[in-house]
Amino acid sequence: MFTHAITRRPSAEMANGITTADLGTPDYHLALAQHKAYCLTLAVLGLDVTVLDAEPGYPDCCFVEDTAVVCDHVAALAPLGAPSRQGEETSIEPVLARFRPVVRVRPPALFEGGDVLQVDDTFFIGLSERTNMAGAKALGNTLARHGSTWHAMEMGETLHFKTDVSFIGDNTLLVSPFFETAPELARFRRIVVDENEAYARNCLFINGTVIVPAGFPRTLAAIKGLGRPTIELDMSEFRKLDGGLTCLSLRF
């Protein structure tokens, strides 16, 4: 069960963020409103939410999940794989240190939190353009020292592992077709989300409730069909920067 979350407000510079989405320029003021709704939702679901100010010079700074991986015993600080984002982890370190001992992973080992999915004491680490095998090993070994297991996962053409795979409780994953038969995920029930609703593969499971991006009725129906409580949130402005629901917070 999660008790805390750390978020960071969108930057007025967010229009300069990294993106492959080709969905237009994000509306900063609408993004602020969507971010506020996101934080309020986490609070309603029982989390104590720390909201940090935007960080000047870092247009992607609201995607705070990438800066660290937090488990029960330690926070592993990410040496971010995207050059324009390197440095974001520095300002998050003292915030994390209020809650957990902090361990730094150093380059050339690279990882981003968006490539790391935790299910109980198991961590799945996607190997992407942002996370290399050295980063996966460094992070995995840090987590293993505290009793966790980990698996490095080969990936298809996707930004982050959690772009294609998310946990929605009760041993169930939302996955892309690429991961439908992944042997490392064989113990899970897998709901395949096709390309027409690909953005909805990234949902956020918080204390029994699944937060779902608005506008993806088939994925929403599949989750409701499992008997899960759901909340829909409009993520339009963050989608323009390849950002999803998990990207906007560190949860622990």
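From a predicted model like this one, the values you see are computed outputs, not experimental measurements.

A.B. asks: Before we move on, can you summarise the sheet that holds strand 6 (residues 116-119) with the specific residues and values?
C.D. replies: Strand order in the open sheet made by the three strands is 6-7-8, with mixed pairing throughout. Only two strands of the sheet have a single neighbouring strand rather than two, namely strand 6 and strand 8 (149-154). Within the sheet, the average angular offset between the axes of one strand and its neighbour, ignoring direction, is 20°. Helix-sheet contacts for helix 3 (residues 133-144) involve strand 6, strand 7 (122-127) and strand 8, and the interaxial angle to strand 7 is about 170°.

A.B. asks: Give a detailed account of the nonpolar core, specifying residues and quantitative values.
C.D. replies: Proteins that are soluble and globular tend to have nonpolar side chains buried together. Grouped together as the largest cluster of nonpolar side chains are 23 residues, with contacts concentrated most on Tyr38, Leu42, Ile211 and Phe238. When contributions to this core are tallied by element, the ones reaching two or more residues are helix 1 (28-44) and strand 12 (204-206). The biggest single contributor to this core is helix 1, with four residues. The residues contacting Phe238, other than those within four sequence positions of it, are Pro10, Met14, Ala31, Gln34, His35, Cys62, Phe63, Tyr199, Gly243 and Leu248. Core analysis: the second largest hydrophobic core is formed by 16 residues, Val74, Leu127, Ala136 and Leu139 among them.

A.B. asks: Which residues make up helix 3, and what values go with them?
C.D. replies: The end-to-end C-alpha distance of helix 3 is 16 Å, a good match for the 16 Å that 12 residues give at a rise of 1.5 Å each. Every buried residue of helix 3 is listed here: Gly135, Ala136, Leu139, Gly140, Thr142 and Leu143. Along the long axis of helix 3, the arc covered by the buried residues comes to 160°, so they all point the same way. On its buried face, helix 3 is in contact with strand 3 (68-70), strand 4 (75-77), strand 5 (102-104), strand 6, strand 7 and strand 8.

Cut-off values and rules
Residues numbered from 1 in each chain as written. Predicted model: local features only at pLDDT ≥ 70, side-chain atom pairs only at ≥ 80, totals over all residues. Heavy atoms only, no water. Pairing = 2+ DSSP bridges. Helix = DSSP H or I, 4+ residues; strand = E, 2+ residues; numbered from the N terminus. Axes fitted to C-alpha atoms, helices over the stretch in contact; angles between N-to-C directions. Contact = heavy atoms within 4.5 Å. Core = buried A, V, L, I, M, F, W, Y, C linked by side-chain atoms within 4.5 Å. Buried < 20%, exposed > 50% of the residue type's maximum accessible area, 1.4 Å probe, protein only. Expected span 1.5 Å × (residues − 1). Arc of directions from axis to C-beta.

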